[in-house]
Amino acid sequence: MHFNPFDQRPVPLEQTFIDWNTMYPRPYDKNTVNPYTKTRIILMNGTEFEAQWFSRNFSRHCPDNELRRELAMMRRTEQQQQKRISCLKPRDETILEHTIGYEQLAVDLTAAMARRETDCDVKNAMDLALLEDFDHLYRYSNLLSLEYGEDPKKLVGGYTEIMPGRPTISEHRCPMDSIFRYVDNKKTPLLTQLQINIITAAEQQTMNYYMNVAPFYCKSDIGRRLYQEIAMIEEEHVSQYESLKDTKVTWLEDLLMHEYTECYLYYSCMESECDPYIRKIWEECLTQEIAHLHKAKDLLYKYEHKEWQQVIPCKEFPEILVLGPNVEYIRQILAQTSGNTQKKSDVVALDQLCRGDRFFLYQQIVNHDVASVASHKIIDQYICAKGQDYRCQTAPVPIAPLSCRTCDNTFFARIPADTPAQYSVCGKTSDCKPCL
């Protein structure tokens, strides 16, 4: 079914406001909720945070108070939407249980988008971070099993495997090596533009969440340290993904694309949601976002004399985004690219780096005492307590150096001599445009 949000009749902005009862919905039951309902909730919470964060930055750089008032009107509804969506999380769901949902979202969202991405740089960026979020899920799952005695498989529904990816200790790179080439929207497919917006918002939300909850994890010191460490990797991911965005668009062009992205995501959630109660929330949010989209269209024309078609010539949504299992794709990327890292704007094999490259210098600063690195320490503690690490696999891990369950590998993808070249194949596909 084709859907064009520009053809929809928008409600007045005043009608997008909601009351307190609507803003405080019935939360899901953490014991029966479909894992992908939960990940859609996390995704849209992050999308709304991005919307209001962008609007605030726009307002802070805007000298026209009339335009700032229009932004404030839209932003108020975005804030109400965010409060409504975030309160779908139940009170009895712990920080760590919720974190497993964050990482399942990061894994399956990234994989779902990377599988259909045709821009080589964007796909390589996604595949690089995919294996890192995959490893984060493994580290947090071991923490959950060790400190709460809870089986993480139940939380992910068995849809997402839990095993090592690129080890978290190997993900720490110099910030100079976290910037990709940005796209040109005039030459870039709409789907690619949408996916850059979506993944940037999702990773930013994860970064913010870990930054804020780390001090509130009260079960153990190692848990606090693990959140702190992985929050630093999420900072890398946000830098990588946001660097892909076209830097030449105007604030109002970007506003239009933000609103179009939100419409696309709510429509995707609505069409793929299995919970009727939450599906209705997605439908109502879509109505609100269509009003925002039309307001952004009008503002673009009023202030820049541009038609919306100059920004979004393909008015109908591309194929919807459906969250689901990606086991085989992730295994393929693990087998081919787990030994990769980033240097400047390129994804490269670790053995392509020189001895004095920034990666090794930065690693020596942050990871010189391997025994104190939280992501390694939690696996070490789990093995000492249980005899082997926690995993949930459909088959052995496709990375031989990471197959041992009684010793955490801190050398793979960090030390060239311990990273076989077979795990560093380019992620380029046959329909991927050439890297420049």
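Quick note: structure is the one above.
Worth saying up front: this structure is predicted, and the values here are computed from it rather than measured.

Quick notes on the rules
- Residues numbered from 1 in each chain as written.
- Predicted model: local features only at pLDDT ≥ 70, side-chain atom pairs only at ≥ 80, totals over all residues.
- Heavy atoms only, no water.
- Helix = DSSP H or I, 4+ residues; strand = E, 2+ residues; numbered from the N terminus.
- Contact = heavy atoms within 4.5 Å.
- Areas by Shrake-Rupley, 256 points an atom, 1.4 Å probe, with all protein chains shown as cover.
- Lys, Arg positive; Asp, Glu negative; His and termini not counted.
- Charge placed at Lys NZ, Arg CZ, Asp CG, Glu CD.
- Patch = residues over 30% accessible without salt bridge, like charges linked within 9 Å, V, L, I, M, F, W, Y side chains within 5 Å.
- Salt bridge = Lys/Arg side-chain N within 4 Å of Asp/Glu carboxyl O.
- Expected span 1.5 Å × (residues − 1).
- Buried < 20%, exposed > 50% of the residue type's maximum accessible area, 1.4 Å probe, protein only.
- Phe/Tyr/Trp six-rings, centres within 6.5 Å; stacked < 30°, edge-to-face > 60°.
- Lys NZ or Arg CZ within 6 Å of the ring centre and 35° of its normal.
- Axes fitted to C-alpha atoms, helices over the stretch in contact; angles between N-to-C directions.
- Parallel < 35°, antiparallel > 145°, perpendicular 65-115°, else oblique.
- Left-handed = near helix turned anticlockwise from the far one by under 90°.
- Nonpolar A, V, L, I, M, F, W, Y, C, P; charged D, E, K, R; others polar.
- Core = buried A, V, L, I, M, F, W, Y, C linked by side-chain atoms within 4.5 Å.
- Pairing = 2+ DSSP bridges.

(A) Broad picture of the overall build of the protein. Per the secondary structure count, the protein includes 13 helices and two strands. With respect to the principal axes defined by its C-alpha atoms, the protein has extents near 60 × 50 × 40 Å. For the protein, the share of sequence-separated contacts (at least 6 apart) that also reach a separation of at least 24 residues comes to 84%. With an accessible surface of roughly 18,400 Å², the protein has 53% of that area assigned to carbon and sulfur atoms. Averaging the locations of the 50 positively and 62 negatively charged side chains of the protein gives two centres separated by 2 Å.

(B) The arrangement of a positive patch on the surface in detail. Together, R56, R60, R76 and K83 give the surface a local cluster of positive charge. Within the residue set of the positive patch, elements represented by two or more residues are α2 (35-60) and α3 (65-86). Considering the arrangement of structural elements, one finds R60 in helix α2.

(C) Layout of helix α7 (residues 190-213). End to end, α7 covers 35 Å across 24 residues, agreeing with the expected 34 Å (1.5 Å per residue, within 8%). Among the 24 residues of α7, 22 are classified as buried, and the element is accordingly described as predominantly covered.

(D) The packing of aromatic side chains, seen in detail. In this structure the tally under the stated criterion is 21 aromatic pairs. Pairing F54 with W251 gives two aromatic rings, centres 5.5 Å apart and planes at 35 degrees, and the pair type is tilted. Of this pair, F54 sits in helix α2 while W251 sits in helix α9 (residues 251-272), placing them 197 residues apart in sequence. Ring centres 5.5 Å apart and planes at 75 degrees place the aromatic pair Y210 and Y227 in the edge-to-face group. With Y210 in helix α7 and Y227 in helix α8 (residues 221-242), this pair connects stretches of sequence that are 17 residues apart. Since its relative accessible area comes to 0%, Y210 is described here as buried. Taken together, F3, F6, Y260, Y264, Y267, W308 and F317 form an aromatic cluster joined through their ring pairs. Its end group placed over the ring of Y277, R26 keeps NZ or CZ at 3.8 Å from the ring centre. Positioned over the ring face of Y148 is K219, at 4.8 Å from the centre of the ring.

(E) Just the packing of helix α4 (residues 95-116) against α7, in detail. Running from amino to carboxyl end, α4 crosses α7 at an angle of 160 degrees, the nearest separation of the two axes being 11 Å. When the axis of α4 is compared with that of α7, the two are roughly antiparallel. Here the hand of the crossing between α4 and α7 comes out left-handed. Residue-level contacts link I95, H98, T99, Y102, E103, A106, L109, T110, M113 and R116 of α4 to L191, Q195, I198, I199, A202, E203, Q205, T206, Y209, Y210 and V213 of α7. Of the residues contributing to the contact of α4 with α7, the split by class is twelve nonpolar, six polar and three charged.

(F) Local environment of the pattern of salt bridges. If you walk through the whole model with that rule in mind, you get 28 salt bridges. The closest approach of N and O atoms between K306 and E304, which form a salt bridge, is 3.1 Å. Judged by relative accessible area, K306 falls into the partly exposed class, the value being 22%.

(G) Inspection of the nonpolar core at higher detail. One finds L43, L109, L255, L256, Y260 and W282 to be the most contacted residues of the largest nonpolar core, which totals 112 residues. It is helix α5 (residues 120-148) that provides the largest number of residues to this core, a total of 13 residues. If we skip the residues at most four places from it in the chain, W282 touches R40, I41, M44, I85, Y266, C269, M270 and E273. Counting residues in each nonpolar core, the second largest holds five residues, with V348, L350, L353 and F360 among its members.

(H) Expanded view of the packing of α7 against α8. As a packed pair, α7 and α8 sit with axes 8 Å apart at the nearest point and diverge in direction by 155 degrees. Regarding the angle of α7 to α8, the classification is roughly antiparallel. Regarding α7 and α8, the two cross each other, and that crossing is left-handed. Note on element contacts: α8 touches α7 through Y227, I230, A231, E234, E235, H237, V238, Y241 and E242, opposite I196, I199, T200, E203, Q204, T206, M207, Y210, M211 and V213. A class-by-class count of the residues in the contact of α7 with α8 yields eleven nonpolar, four polar and four charged.

(I) Seen up close, helix α11 (residues 327-337). For α11, the full list of buried residues reads V327, Y329, I330, R331, I333, L334 and T337. Tucked into the core, α11 has its buried residues touching α4, α5 and β1 (340-343).

(J) View of the pairing of strand β2 (residues 346-349). Note: β1 against β2, four bridges, orientation antiparallel. Bridging across to β2, K343 finds its partner in D346. If you look at the hairpin formed by β1 and β2, you'll find two residues sitting between the two strands, and K344 has a positive phi there, around 55 degrees.

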